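Geometric and topological summary
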Amino acid sequence: TALMNQGHWEAPGLKWKWLVGDAREQLQHAGKDFDIVFHDPFSPEHNPTLWTVDWFNQVKAVCRDDRTVLTTYSAATPTRLSLLLSGFFVGAGLSTGTRVETTIASTSQQSLERPLKERWLERWKRSSARAPHGQTFSAEIERAVFGHPQFAAVPAAGA
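Small disclaimer: the values here were computed from a predicted structure and weren't measured.

**Notes on the side chain of Thr52**
Position of Thr52 relative to the elements: it lies in the loop between strand 3 (36–39) and helix 3 (53–61). Engagement of the side chain of Thr52 in a polar contact is seen with the backbone oxygen of Thr49, the distance being 3.4 Å. Excluding residues within four positions of it along the chain, Thr52 makes contact with Ser82 and His133.

**Some details on the pairing of strand 5 (residues 89–93)**
Extensive coverage of strand 5 is indicated by the burial of 5 of its 5 residues. Taken together, the 5 bridges between strand 5 and strand 6 (residues 102–106) define a ladder with antiparallel strand orientation. Its bridge partner being in strand 6, Gly93 is matched across the sheet by Thr102.

**Describing the layout of surface pockets**
Roughly 1100 Å³ of volume is contained in the largest pocket. Lys17, Leu19, Phe34, Ile36 and Val37 are the residues nearest the centre of the largest pocket, which is lined by 33 residues in total. Mapped by element, the contributors of at least two residues to the lining of the largest pocket are strand 2 (14–17), helix 2 (23–27), strand 3 and helix 3. Looking at the lining of the largest pocket residue by residue, the classes come out as 19 nonpolar, 8 polar and 6 charged. When its volume is computed, the second largest pocket comes out at roughly 230 Å³. Lining the second largest pocket are 13 residues, and of these Arg80, Glu101, Leu116, Trp120 and Arg123 sit closest to its centre. Listing elements by their share of the lining of the second largest pocket, those giving two or more residues are helix 4 (77–85) and helix 5 (118–126). A per-class count over the lining of the second largest pocket returns 6 nonpolar, 1 polar and 6 charged.

**Focus on the pairing of strand 4 (residues 69–72)**
Judged by which residues are buried, strand 4 turns out to be one-sided: Leu70 and Thr72 face inward and are buried, whereas Val69 and Thr71, on the alternate face, are not. Alignment of strand 3 against strand 4, held across 4 bridges, turns out to be parallel. Bridge assignment links Ile36 to a residue of strand 4, and that residue is Val69. Once you follow strand 3 into helix 3 and on to strand 4, the crossover reads as right-handed. One ladder, built from 4 bridges, connects strand 4 with strand 6; its direction is antiparallel. Note on strand 6: the bridge partner recorded for Val69 is Ser106.

**Brief notes about the environment of Ala129**
Along the chain, Ala129 falls in the loop between helix 5 and helix 6 (139–147). Not counting residues within four places of it along the chain, the set of residues in contact with Ala129 comprises Thr77, Pro78, Leu81 and Trp124.

**Some points on the packing of helix 5 against helix 6**
Here helix 5 crosses helix 6 at 175 degrees, and the two axes come no closer than 12 Å. Classified by the angle their axes make, helix 5 and helix 6 are roughly antiparallel. Listed contacts from helix 6 to Leu121, Trp124 and Lys125 of helix 5 are Ile141, Glu142, Val145 and Phe146. Of the residues in the contact of helix 5 with helix 6, the class split is 5 nonpolar, no polar and 2 charged.

What counts, and at which threshold
- Residues numbered from 1 in each chain as written.
- Predicted model: local features only at pLDDT ≥ 70, side-chain atom pairs only at ≥ 80, totals over all residues.
- Heavy atoms only, no water.
- Helix = DSSP H or I, 4+ residues; strand = E, 2+ residues; numbered from the N terminus.
- Polar contact = N/O pair within 3.5 Å; in protein donor to acceptor, adjacent residues only side chain to side chain.
- Contact = heavy atoms within 4.5 Å.
- Buried < 20%, exposed > 50% of the residue type's maximum accessible area, 1.4 Å probe, protein only.
- Pairing = 2+ DSSP bridges.
- 1 Å grid on protein atoms, 1.4 Å probe; cavity = no way out; pocket = protein on both sides within 12 Å on 5 of 7 lines; lining within 4 Å.
- Points joined across faces, edges and corners; volume = space filled by probe spheres on them.
- Nonpolar A, V, L, I, M, F, W, Y, C, P; charged D, E, K, R; others polar.
- Right-handed = clockwise from strand over helix to strand, strands pointing away.
- Axes fitted to C-alpha atoms, helices over the stretch in contact; angles between N-to-C directions.
- Parallel < 35°, antiparallel > 145°, perpendicular 65-115°, else oblique.

Right, dumping it as structure tokens:
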């Protein structure tokens, strides 16, 4: 209850901060070196700015370089692309009961138990949802996805 009443909670080696309000404004005052980010805004249809590459770039800027984990309920291809293109490593998350799969992203690939791999790339190449939220698919996006360190060993399309 301290988290809800006071907006923060601390224990040895652990500090929680609850940010309430417009995420774009709150993030500017949130501090740095976050270990965990629970990304739970309304859907991209109702809150499009919080699902873009630009937004995830801003989130990544407050994360630790070596181990931050971001979780979100969305397993949508555009969401995963937005995370990848902002520099996160991206993997499949656990079921929430209402969703078969969620998404976990991290600043370190070693933090992912089930990173996206070749199978995901193959499905993405055939998908009608090949662009991140708020963008149109382009050859530049395709190059960026195949150039991501997570897929460094995977041959690019047409290669």
